[in-house]
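# Examination of the molecular architecture
If you want the building blocks of each chain, they are given just below.
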Amino acid sequence: MSREGEIALPFDPAERTTAGLTFIGHIRSSWAKGTAPKNLRAARETGQAARIELLPGYAAGLLGLEVGQAIQLLYWVDRDVRDLIVQVPGHTNGPRGTFALRSPVRPNPIALGTVVITSLDLEAGIIGIDATDAYDGTPLLDIKPWIGTVDVPPGWRPEA
């Protein structure tokens, strides 16, 4: 399913595993392969919320988070290929290196999404979030608070 101009690695990145990870939960959404929005902006435009369900033992890590707060989710986009190093996305006018794209197709299928907490159940380990572009059941690697004074580069001006 590659496009003209795309380049695949001559090896499977999954066979070069050098670190161990543990999933802390899963993202629950309405999305499946073929129905998911292209990105978080498009997901928000659908108006469909989502939630995070933590695995047992991790709920105490939510202490200090609040409804209305922005958080960053690191998640494992486990249902795409991992070997394309140059891609030809439909929204560009030519090939781009994987590291110049937000595509889920990458050697380490880790995605980053900044979302807003809409509800919080500290006891059950469930976080309501405003949107996601992740498929239902996507494994969650980590949650971090988004902090404007830390996460926005100095002097940064958003694109118009």
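Everything here concerns the structure above.
Residues numbered from 1 in each chain as written. Predicted model: local features only at pLDDT ≥ 70, side-chain atom pairs only at ≥ 80, totals over all residues. Heavy atoms only, no water.

Now for the overall build of the protein. When helices and strands are counted, the protein shows 2 helices and 9 strands. The secondary structure elements of the protein, listed N-terminal to C-terminal, are β-β-α-β-β-β-β-β-β-β-α. Whereas a compact globule of 160 residues would reach a radius of gyration of roughly 15 Å, the protein reaches 17 Å, a difference of no more than 12%. Taken along the three principal axes of its C-alpha coordinates, the protein extends 50 × 40 × 30 Å. The proportion of buried residues among the 160 residues of the protein is 36%. A separation of at least 24 residues holds for 80% of the contacts in the protein among residues at least 6 apart in sequence. Here the protein displays about 10,000 Å² of accessible surface, and carbon together with sulfur accounts for 55% of that area. Averaging the coordinates of the 15 positive side-chain charges in the protein and doing the same for the 18 negative ones gives two points 5 Å apart. (Helix = DSSP H or I, 4+ residues; strand = E, 2+ residues; numbered from the N terminus. Rg over C-alpha atoms; globule rule 2.2 N^0.38 Å. Buried < 20%, exposed > 50% of the residue type's maximum accessible area, 1.4 Å probe, protein only. Contact = heavy atoms within 4.5 Å. Areas by Shrake-Rupley, 256 points an atom, 1.4 Å probe, with all protein chains shown as cover. Lys, Arg positive; Asp, Glu negative; His and termini not counted. Charge placed at Lys NZ, Arg CZ, Asp CG, Glu CD.)

Spatially, β1-β5-β6 is the arrangement adopted by the 3 strands of the open sheet, whose pairing is antiparallel. Every interior strand has two partners, whereas the edge strands, β1 (7-8) and β6 (96-97), have only one. Bridge count between β1 and strand β5 (residues 84-87): 2 bridges; the pairing is antiparallel. Bridge pairing in β5 places Ile-7 opposite Val-86. (Pairing = 2+ DSSP bridges.)

On to a nonpolar patch on the surface, then. Residues Phe-23, Leu-55 and Tyr-58 make up a contiguous nonpolar surface patch of about 220 Å² in total accessible area. Along the chain, the position of Tyr-58 falls in the loop between β3 (50-54) and β4 (70-76). (Patch = residues over 30% accessible without salt bridge, like charges linked within 9 Å, V, L, I, M, F, W, Y side chains within 5 Å. Salt bridge = Lys/Arg side-chain N within 4 Å of Asp/Glu carboxyl O.)

Taken as a whole and judged by the stated rule, the model has 8 salt bridges. With a shortest N-O distance of 3.4 Å, Arg-41 and Glu-45 are connected by a salt bridge. Of this pair, Arg-41 and Glu-45 both sit in helix α1 (residues 40-46), 4 residues apart, which is roughly one turn of the helix. Each of the two residues, Arg-41 as well as Glu-45, counts as exposed. The closest approach of N and O atoms between Asp-130 and Arg-44, which form a salt bridge, is 2.6 Å. Of this pair, Asp-130 sits in the loop between β8 (126-129) and β9 (138-145) while Arg-44 sits in helix α1, and the two are 86 residues apart along the sequence. For Asp-130, a relative accessible area of 22% corresponds to the partly exposed category.

Spatially, β2-β3-β8-β7-β4-β9 is the arrangement adopted by the 6 strands of the closed barrel, whose pairing is antiparallel. Sheet twist, expressed as the average angle between the axes of neighbouring strands with direction ignored, equals 45 degrees. Note: strand β7 (residues 110-121) against β8, 4 bridges, orientation antiparallel. When the sheet's bridge partners are listed, Ile-117 is paired in β8 with Ile-129. (Axes fitted to C-alpha atoms, helices over the stretch in contact; angles between N-to-C directions.)

Pairing geometry for strand β2 (residues 25-28) and β9, over 3 bridges, is antiparallel. Residue pairing across strands places His-26 opposite Pro-139, the latter belonging to β9. Examined bridge by bridge, β4 and β9 share 5 bridges and lie antiparallel to one another. Bridging across to β9, Gln-72 finds its partner in Lys-144.

What follows concerns the pairing of β7. Sheet topology places β4 next to β7; 7 bridges connect them, and they run antiparallel. The residue bridging Gln-72 from the neighbouring strand is Thr-114, located in β7. Connecting β7 to the antiparallel partner β8 that follows it, the hairpin turn spans 4 residues, and Gly-125 within it adopts a positive phi of roughly 75 degrees.

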